[in-house]
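# Descriptive analysis of the structure
The primary structure of each chain is shown beneath.
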Amino acid sequence: MNAEPNFATASSAAITRQPGWLSQIADDKAMLRAARDLTKDIAEHRASVYWADMVGSALIGYGALAGAVLVDNTLLAIVSAVVSVLALYRALLFIHEISHFRNGAMRGFRSAWNALVGIPMLTPSFMYEQVHTLHHKRTQYGTSADPEYLPLALMKPWSLPLFVIIAILAPVALLFRFAVLVPLGAIIPPLRQLTWQRLSALAINPDFRRRPPEGDLPRRVLIQETAGMLWAWALIGSVFAFGWKPLLVALAVASVVALLNQLRTLVAHLWENEGEPMTVTAQFLDSVNVPPPGSIAELWAPVGLRYHALHHLMPSMPYHSLPEAHRRLVAALETDSSYHGANHAGMGVLVARIARNTMRPRG
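On a predicted model such as this, the values are computed, not experimentally measured, just so you know.

A separate point is the overall build of the protein chain. When you go through the protein chain residue by residue, the secondary structure sums to 17 helices and zero strands. Whereas a compact globule of 363 residues would reach a radius of gyration of roughly 21 Å, the protein chain reaches 21 Å, a difference of no more than 12%. Of all 363 residues assigned to the protein chain, the portion counted as buried reaches 50%. Of all intrachain contacts in the protein chain linking residues separated by at least 6 positions in sequence, the fraction that spans at least 24 positions is 75%.

Following this line, the structure appears as structure tokens:
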């Protein structure tokens, strides 16, 4: 099966790092056709998987968080905190799936997720809805209009540690947003507009300005922001009832969750595009799969995100079907297919690649 261009051509372009190499890659029509034809029978969302995974992860996460707060043994408290981080991280990442739900899909799941995870972690679903889909727009991916893209591999070396470390502040920033900015914004319209445009989207592009919500999202925003505000006040008020320890432990766990997610984001793409529009295949090759046999990726890229490049080929494919879709495509496509160019060994290899690219001399 021949690809146009084949993987060897794409790989050569990547290795030589010519300016704008990604924008020069044509679509691999054989790969796109295979992705469409070989996965039609596994494209349905299985409600039992979604509900069991999300609810189970949330309950384990909160139970372990309670253990981290209540147990006196330091080692057990640390173990409980680690379990809480991994479980709540997995539960939180269902926000990615929710952002791709079409109308009528998985009824009740969004509301339940917000009640169990989104509001308690001050990251309700509106912060990703009508935002993440911009990242998947054919003409916007990797450009200045993409809220989730920065050419990190082309930036200064110090930008990488700053990009990761700043995530630690996210829980405190979210607490401030909902406890202070939301109520003040209700009486100060300019502040409300600023909060919406700059502090209401899970975006990494500092130039991104969020547009007003559309469709039925304004109603959900009102409900979720009100619930988030009340919960933020309750968290602050809990200090007077239970002391500082529960809140500080919860914020520490949330900070590590945010840090882990930022590390995952750092290696979700190669970040080598220079702002030009790209073909679907080029976007795929700038994205990352970390498939088996390694198993550690399931911890730092759960809910299907270890197949992030494949997700960019098929954004509506449910997360539980991505492993099978990957197996079918690997088996069906020849070694010269572009598909194999997006498969990488792990986080360490990817971080090293991006770090090396930041140190390259720029013309």
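Here we take up a nonpolar patch on the surface. Taken together, the side chains of Ile78, Val82, Leu86, Ile296 and Leu299 make up a nonpolar region of the molecular surface, amounting to roughly 430 Å² of accessible area. For the nonpolar patch, the element with the highest residue contribution is helix H4 (residues 74-92), accounting for three residues. Judged by relative accessible area, Ile296 falls into the exposed class, the value being 56%.

Counting residues in each nonpolar core, the largest one holds 73 residues, and the members touching the most others are Phe109, Trp113 and Leu310. At six residues, helix H3 (residues 47-70) tops the list of elements feeding residues into this core. Those residues in contact with Leu310 that sit more than four places away from it in its chain are Phe284, Asn289, Leu322, Ala325, His326, Leu329 and Tyr339. Among the nonpolar cores identified, the runner-up in size contains 17 residues, and Leu122, Phe126, Ala232 and Leu251 belong to it.

With that out of the way, let us pick up the side chain of His326. Along the polypeptide, His326 turns up in helix H16 (residues 322-332). The class for His326 is buried, based on a relative accessible area of 8%. With near-sequence residues (within four places) excluded, His326 lies in contact with Asn289, Pro291, Tyr307, Leu310, Tyr339 and Asn343.

Further remarks concern the packing of aromatic side chains. Tallying each qualifying case throughout the model produces twelve aromatic pairs. Here Phe101 and Phe109 contribute two aromatic rings whose centre-to-centre distance is 6.0 Å and whose plane-to-plane angle is 70 degrees, an arrangement assigned as edge-to-face. The pair Phe101 / Phe109 is uniform in exposure class, with both members buried. Each ring, one from Tyr149 and one from Trp271, has its centre 5.0 Å from the other, and the planes form 55 degrees; the classification is tilted. In this pair, Tyr149 sits in the loop between helix H7 (132-135) and helix H8 (159-165) while Trp271 sits in the loop between helix H12 (245-266) and helix H13 (280-285), placing the two residues 122 residues apart along the sequence. Just as Tyr149 is buried, Trp271 falls in that class too. Aromatic rings pair up to connect Tyr50, Trp51, Phe94, Phe101, Phe109 and Tyr319 into one cluster. Directly above the ring of Phe178 sits Arg177, whose terminal nitrogen or CZ lies 4.7 Å from the centroid.

To continue, consider the layout of surface pockets. The volume enclosed by the second largest pocket comes to roughly 710 Å³. Along the walls of the second largest pocket sit 30 residues, with Phe101, Asn103, Arg110, Glu129 and Arg220 positioned nearest its centre. Elements supplying a minimum of two residues to the lining of the second largest pocket: helix H5 (94-99), helix H6 (109-118) and helix H11 (217-242). Residue contributions to the lining of the second largest pocket peak at six residues, all from H11.

The next subject is the side chain of His100. For His100, the location among the structural elements is in the loop between H5 and H6. For His100, a relative accessible area of 16% translates into the label buried. A distance of 3.0 Å separates a polar atom in the side chain of His100 from a polar atom in the side chain of His132. Polar contacts involving the side chain of His100 include one to the side chain of His136, which spans 3.5 Å.

The rules behind the values
Residues numbered from 1 in each chain as written. Predicted model: local features only at pLDDT ≥ 70, side-chain atom pairs only at ≥ 80, totals over all residues. Heavy atoms only, no water. Helix = DSSP H or I, 4+ residues; strand = E, 2+ residues; numbered from the N terminus. Rg over C-alpha atoms; globule rule 2.2 N^0.38 Å. Buried < 20%, exposed > 50% of the residue type's maximum accessible area, 1.4 Å probe, protein only. Contact = heavy atoms within 4.5 Å. Patch = residues over 30% accessible without salt bridge, like charges linked within 9 Å, V, L, I, M, F, W, Y side chains within 5 Å. Areas by Shrake-Rupley, 256 points an atom, 1.4 Å probe, with all protein chains shown as cover. Salt bridge = Lys/Arg side-chain N within 4 Å of Asp/Glu carboxyl O. Core = buried A, V, L, I, M, F, W, Y, C linked by side-chain atoms within 4.5 Å. Phe/Tyr/Trp six-rings, centres within 6.5 Å; stacked < 30°, edge-to-face > 60°. Lys NZ or Arg CZ within 6 Å of the ring centre and 35° of its normal. 1 Å grid on protein atoms, 1.4 Å probe; cavity = no way out; pocket = protein on both sides within 12 Å on 5 of 7 lines; lining within 4 Å. Points joined across faces, edges and corners; volume = space filled by probe spheres on them. Polar contact = N/O pair within 3.5 Å; in protein donor to acceptor, adjacent residues only side chain to side chain.

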